[in-house]
Structure formats: structure tokens, C-alpha cells
Amino acid sequence: MNTSLVWTIGIAASLLVISVSAFGQDETEETPTLQSAVESLGDPSFSARRRAVVTIREAGMKSEKMLVENLRHPSLEVRLKVAELLSEIRRNDLQRRIEDLLAFRADGEALELPGWTKYVNLVGDDKLTRQLFAEMLKDEYSMMLLADGDDNAELSAKLGEAARNQNNQQVANVGTYAAYLFLACLEDGSEGNLISYIYTASHRQPVNMELKQGAYLKPLHTLLEVFMEDVDQRYVTLVLNLAVEFNLKSGTKFATTFLESSNPSDYQTRVAIMCLAKFGDESHLPILAKLFEDKRAFRVFLNGKQRDSQVRDYALLASLYITEQPLQAYNMQTYPDVDRKNINGSLNAGFVKDEHREPAFEKWAEYRKTEPKKADETPEAEAKASGDGE
């Protein structure tokens, strides 16, 4: 479906939900003329109806209150035309405000665009973030109205229901994805349907390409990282896979916390380790070392066949990546054969032969013994830190 048509239909539907209570009760001198024009929308004369439409369109948003009040007009013909004109006028007004935003004639707050202040607090205010915000409004205006509310329960319920419907779509629209991701950042604990949508949509086009090398990569990554901070640990593998795939280095914090405070399955542990393998540094080596005794086994695909690998194998693999040692020196291999920057959460890894495992861990132990000590690891520094050096 044409994007502009989708935008038109979406805005038309969402803009009609604003109630008459949103308007003041002050009468203007144009009221009699507009009321007369509304009545003429049901006139038998085509020319009279046409003049009425022109009058209302020229009045623009000044006619909004009058149109809302006539949404329940006794005449069906008038009601239908009023609804059509109200949607058109509001749509044109929103388009004008969006154009003003993009042209930097005003900011979103002055233009009364929903969610603007919270959005800017997360991603900043520049040309690209404004363009992305415009896409969000065009695609999901009615959902964006939730951003300025204070009812987290309402936000969660409506967002979860909408996300469930979006999960049935084959194409992920960038504006819709960004709007849902932004709203998820405002929610106090995202629910399953929403998390599922964000994960699934991240792998659908054109969102996937946008997350990897698109113009909106930076603000989308920022929103993803904020979203990840509050995700329930039940969904840790989804979050960590997103971090690894889209190079979100903040995933190391989530992976570290998860490994230190949870009792994860072997698969969850592997994904967390892969996050550290890709983004970790030497400060993460002690965390990985604790997993060197984890002999939980699982099947991987290496050398064209299935074979056993262990959690500790992956911990050693990550340690080798971090210390920039060649895998071949430890008789380790991966499938596919990738460098560190291309690691993903489903990487297959293990030893060329099972008998290589124990010697590899012994070799690592020797390496750590002979590795030059950092300043804060020397006996003198440790003694001073414990108070024995005074």
C-alpha cells in the first residue's frame, strides 16, 4: 500500500478520537458563518454544498470545534461530511506542524507534538532525530498520544495489544517500529508481546537495514539501549542477541549483571558470553574465568557435523578474543569462521578434538601466570588496597 495513503488513513482515524472537551467554550464571530456552512453540507444544491466545504476548509482549525459539535448532527449526510472534513483539517494541521518542525521554525513542544519532550530527552534534537520523529507521527500518531499520559497501566495495555497486531505483519515500517520502541522506553517494564514485536521487527526489512547502516541508526540504537535496560530477565536472550547483532556495546552491562546474579540455562549463558566476546575487555576476564568449571554440554555444528561443546569452551573462546590470542593456538575453531567484530549470538564454537580441551585450559592458565601484571594487580598495590602496606 502507498505510504502516503497509509499515513493519511492512520492520521484520519487517530485524529477523530479527540473529544469536544479538548476545546474551549468561547464563541467567535465566525461561529454563525461556520454553523451555517455545516448546515449547508446537507443542502440539496450541489453548489451550496461546495461553497460550504470551501468555507470550512478556508477556516481550517478555526472550524474544528464546530465540526466536533456536529459529529452527531441529525442528518446522516452532514455527519459523514463533517467527519471527513474534520479528519482532513486535522491532518493538514498536523502536516503543517511537522513541516515547521523539520524546517526548524519551532520545536515540537511549541508545536504541541505528542511525546516530543520525552523523545528529545532520550535521543537529542537534530536534523535526523526530527526526521525520525516525523516518521513516527505520520505512522503512529494515535499511539504517540500515549507518550504524554501518566497512566503506565494504560500505556502497557494499549501498547501490548497494538504490538500483538503488529506481529502479524510481514513488513516492519521504520516509523511504526521507532514509535513502539520509544513508547517501550517510557513503559515501566515491557510485556511479552511488545518485546516479541521489537525483536521480530528488528529482523524485518526495512528496519533491519536501518539498524545496521541506515540514516537513523544512531537514534534507533539509543532507543534500543534504553529499552534494554528495563527488560525482564526472562527475555535476556532476545535482548542480548539484539545487542550482539546490532553492535550495542551497552549489552556488556546487561550480560555481566545476568551472569553474576542469575542461574541461566546453558543457552542463555552462551549468548551472554558471546556479548562479552564481542564487546568485552580485560575487566570481564574474571567473570569469564568463573565459568571455566561449567561443563554443561550442548550440541554445535563444526567440521560439517554435530559435536559436543561445553559452556566453559565458550568462556575460553571469549577470553581469547578479548586478549587477542589466535584461536588456532588453543586448537579452537568457530563456525562460521568470523573475526571478533562479526560475532553473533548463535556462533558455533569448540575444539578441533575433545582431547584438546584440557591442554587448552592449561595453556590459558600458564598464559595468565606469565602475563605482565597491571599496576593495580601487583602485590604492592594489593597490599596497599588491603591496608597492609601502611
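Residues numbered from 1 in each chain as written. Predicted model: local features only at pLDDT ≥ 70, side-chain atom pairs only at ≥ 80, totals over all residues. Heavy atoms only, no water.

Visitor: Hey, could you go over the overall build of the chain for me, with residue numbers and the actual values?
Guide: Looking only at helices and strands, one finds 19 helices and four strands in the chain. Sequence separation of 24 or more characterises 65% of the internal contacts of the chain that already satisfy a separation of 6 or more. Accessible surface, the chain: about 19900 Å² in total, of which carbon and sulfur atoms supply 49%. (Helix = DSSP H or I, 4+ residues; strand = E, 2+ residues; numbered from the N terminus. Contact = heavy atoms within 4.5 Å. Areas by Shrake-Rupley, 256 points an atom, 1.4 Å probe, with all protein chains shown as cover.)

Visitor: Tell me about the packing of aromatic side chains, residues and numbers included.
Guide: Taken as a whole, this structure holds eleven aromatic pairs when the rule is applied. Measuring from ring centre to ring centre gives 6.2 Å for W116 and Y119, while their planes differ by 40 degrees; the resulting arrangement is tilted. Placement of both W116 and Y119 in helix α6 (residues 116-123) is noted, with a separation of three residues, approximately one turn of the helix. A centroid spacing of 5.2 Å and a plane angle of 70 degrees characterise the contact between W116 and F133, whose relative ring orientation is edge-to-face. Remark: F133 occurs in helix α7 (residues 127-144) and W116 occurs in helix α6; sequence separation between them is 17 residues. Owing to a relative accessible area of 5%, W116 belongs among the buried residues under this scheme. (Phe/Tyr/Trp six-rings, centres within 6.5 Å; stacked < 30°, edge-to-face > 60°. Buried < 20%, exposed > 50% of the residue type's maximum accessible area, 1.4 Å probe, protein only.)

Visitor: Which residues make up the nonpolar core, and what values do they have?
Guide: It is characteristic of soluble globular proteins that their nonpolar side chains tend to be buried jointly. In terms of nonpolar packing, the biggest core is built from 96 residues, with Y177 and F227 touching the most fellow members. With ten residues, helix α9 (residues 174-186) is the single largest residue contributor to this core. Listed in part, the 16 residues of the second largest apolar core include V53, A59, V82 and I89. (Core = buried A, V, L, I, M, F, W, Y, C linked by side-chain atoms within 4.5 Å.)

Visitor: Account for the pattern of salt bridges, naming residues and giving values.
Guide: As enumerated under the stated definition, the model contains 19 salt bridges in all. Across the salt bridge formed by E84 and K81, the nearest N and O atoms sit 3.2 Å from each other. One end of the pair is E84 and the other is K81, both in helix α5 (residues 76-102) and three residues apart, which spans about a single turn. A relative accessible area of 23% means that K81 is categorised as partly exposed. When the shortest N-O distance is used, the salt bridge between R96 and D100 registers 3.2 Å. With R96 and D100 both in helix α5 and four residues apart, this pair spans about one turn of that helix. Judged by its relative accessible area of 14%, D100 falls in the buried class. (Salt bridge = Lys/Arg side-chain N within 4 Å of Asp/Glu carboxyl O.)

Visitor: Hey, could you go over the confidence of the model for the chain for me, with residue numbers and the actual values?
Guide: Taken residue by residue, the chain gives an average pLDDT of 86. The fraction at 70 or more is 86%. In the predicted structure, residues 375-379 sits below a pLDDT of 50 and forms five contacts with residues beyond four places in sequence or in another chain. (pLDDT = per-residue confidence, 0-100.)

Visitor: Quick rundown of the packing of helix α8 (residues 152-166) against α9? Include the residues and the values.
Guide: Running from amino to carboxyl end, α8 crosses α9 at an angle of 150 degrees, the nearest separation of the two axes being 10 Å. By the angle class used here, α8 and α9 are roughly antiparallel. The crossing of α8 and α9 is left-handed. Contacts from N152, L155, L159, A162, A163 and Q166 of α8 reach α9 at T176, Y180, L183, A184 and L186. (Axes fitted to C-alpha atoms, helices over the stretch in contact; angles between N-to-C directions. Parallel < 35°, antiparallel > 145°, perpendicular 65-115°, else oblique. Left-handed = near helix turned anticlockwise from the far one by under 90°.)

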